[in-house]
Amino acid sequence: MSTRAEKRSWTTRTREIAVGAMPPERLLPDEQPSYVASWIYVFGVLTIAALIMIVLSGVVLALKGPAWWHYTGIGHFINSVHLWAVELFFFVMVVHLWGKYWMAAWRGGRTRTWMTGAVCFLIAVPTAFTGYLSQQNFDAQWIATQAKDGINATGAGAFFNVLNFGQMYSYHILLLPVAVVALVIWHVLLVRRHGVVPPFPVFAAAPGPQSTPPAPQSTLPAPQPPPDPPQPPPAPPQPQAKP
Amino acid sequence: MAWGHRRLSVETVLLGAIINLNHPAHVVHWHFFQMSLANLVVIVVMIVVFAAAIALPFPTHGRGGS
């Protein structure tokens, strides 16, 4: 195939666009900035770890069915793994959200990174809610009957019926998880593309009326202190006045 | 020990003696604010973990990043 034909190929164009947008060395970097060495930067990957456990245990539950997770010991165990992975998922995700909010993680062109994370959080809430509705026990029935009035009051009850197990189960194991996982992948790719947001500059001296104004917010790479200004040459010795 | 038609293990009974869940949930009221005690405890733990994540030093093994 000629070079001209390769240029017209959609696979070639797709590859060039993908590699241009996300070079391999940026997708899987060797190092991270020094400011990442903080526990507050760990909660993002903890959220992903919890999500992986949720998906794996959820796949097993979907394959085996309600009778298995209600009446067998291993079914109880996998069901509990699924529940507690969800609890941990929200726990660490909210701590991650707090950390990114207070460091204004949308700085430096990271608006899409922030928004994909925020929307992912908002979609994760109904994903967990439909999971509680899919338990196939009295707890699920209680939650459904308590929630139906609120859902109906919003007008969404016509197409989102919390008393319909089949519909809630479809939302829980297909539609909403696909959205959450897709947003998480997009979120992580944006983090790789734009880098981890640096912390705010730290000032050793307390700011006062005579202090230096704050430095502008910077993006990756990590802000470096400015070099020392050149020192003026030493003044020549002054002649001593005679008495 | 039997509960209904199920037999509970000794470990389950001992755990139940420590954490008795066989009662309605404790609820915290403060003017318009209302929340179960369990949810409040989880939120407090989250705040503690958040503060610890900022305050505690991170082990770097003497190797800095770029």
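These numbers come from a predicted model, not from an experiment. (Residues numbered from 1 in each chain as written. Chains lettered and ligands numbered in written order. Predicted model: local features only at pLDDT ≥ 70, side-chain atom pairs only at ≥ 80, totals over all residues.)

Colleague: Help me understand the nonpolar core in this model?
Modeller: Among soluble globular proteins, nonpolar side chains are generally buried collectively. All names here are of chain A. Of all hydrophobic cores here, the largest spans 13 residues; its most connected members are Ala 50, Ile 54, Phe 89 and Val 92. For this core, the secondary-structure elements that each account for two or more residues are α4 (43-64) and α6 (73-102). In terms of residue count, the dominant contributor to this core is α6 (six residues). Once residues within four sequence positions are removed from consideration, Val 92 is found in contact with Phe 43, Leu 46, Thr 47 and Ala 50. (Core = buried A, V, L, I, M, F, W, Y, C linked by C-beta atoms within 7 Å. Buried ≥ 20, exposed ≤ 12 C-beta atoms within 10 Å, placed from the backbone. Helix = DSSP H or I, 4+ residues; strand = E, 2+ residues; numbered from the N terminus. Contact = placed C-beta atoms within 7 Å.)

Colleague: It is not clear to me how the pairing of strand β4 (residues 33-36) of chain B should be interpreted in this structure. Could you clarify?
Modeller: Both faces of the sheet carry side chains from a regular strand, because those side chains alternate between them. Residues and elements named next belong to chain B. As judged from the four bridges shared by strand β3 (residues 27-30) and β4, these two strands associate in the antiparallel manner. Bridge assignment links Val 28 to a residue of β4, and that residue is Met 35. Counting the residues that bridge the hairpin from β3 to β4 gives two residues, and of these His 31 lies at a positive phi of roughly 55°. (Pairing = 2+ DSSP bridges.)

Colleague: How should I be thinking about the packing of α6(A) against helix α7 (residues 111-133) of chain A in this particular structure?
Modeller: Angle between the axes and distance between the axes: these two values describe a pair of packed helices. Residue and element names in this part refer to chain A. Look at α6 against α7: their axes get within 11 Å of each other, and the N-to-C directions meet at 155°. Classified by the interaxial angle, the pair formed by α6 and α7 is roughly antiparallel. Taken as a pair, α6 and α7 cross one another with a handedness that is left-handed. On α7, the residues that touch Val 86, Met 93, Leu 97 and Lys 100 of α6 are Trp 114, Phe 121, Ala 128 and Gly 131. Here the contact of α6 with α7 is composed, by residue class, of six nonpolar, one polar and one charged. (Axes fitted to C-alpha atoms, helices over the stretch in contact; angles between N-to-C directions. Parallel < 35°, antiparallel > 145°, perpendicular 65-115°, else oblique. Left-handed = near helix turned anticlockwise from the far one by under 90°. Nonpolar A, V, L, I, M, F, W, Y, C, P; charged D, E, K, R; others polar.)

Colleague: Teacher, can you tell me more about the interface of chain A and chain B here?
Modeller: Think of interface size as the accessible area that goes away when the parts come together; that is how it is often given. Chain A puts 15 residues into the contact, and the matching count from chain B is eleven residues. With four residues, the single largest contributor to the side of chain A that touches chain B is α6(A).

Colleague: Looking at this structure, how should I read the environment of Gly155(A)?
Modeller: For Gly155(A), the location among the structural elements is in the loop between α8 (138-154) and α9 (165-194). Note: C-alpha distance between Gly155(A) and Ala118(A) (37 residues apart in sequence) is 24 Å.

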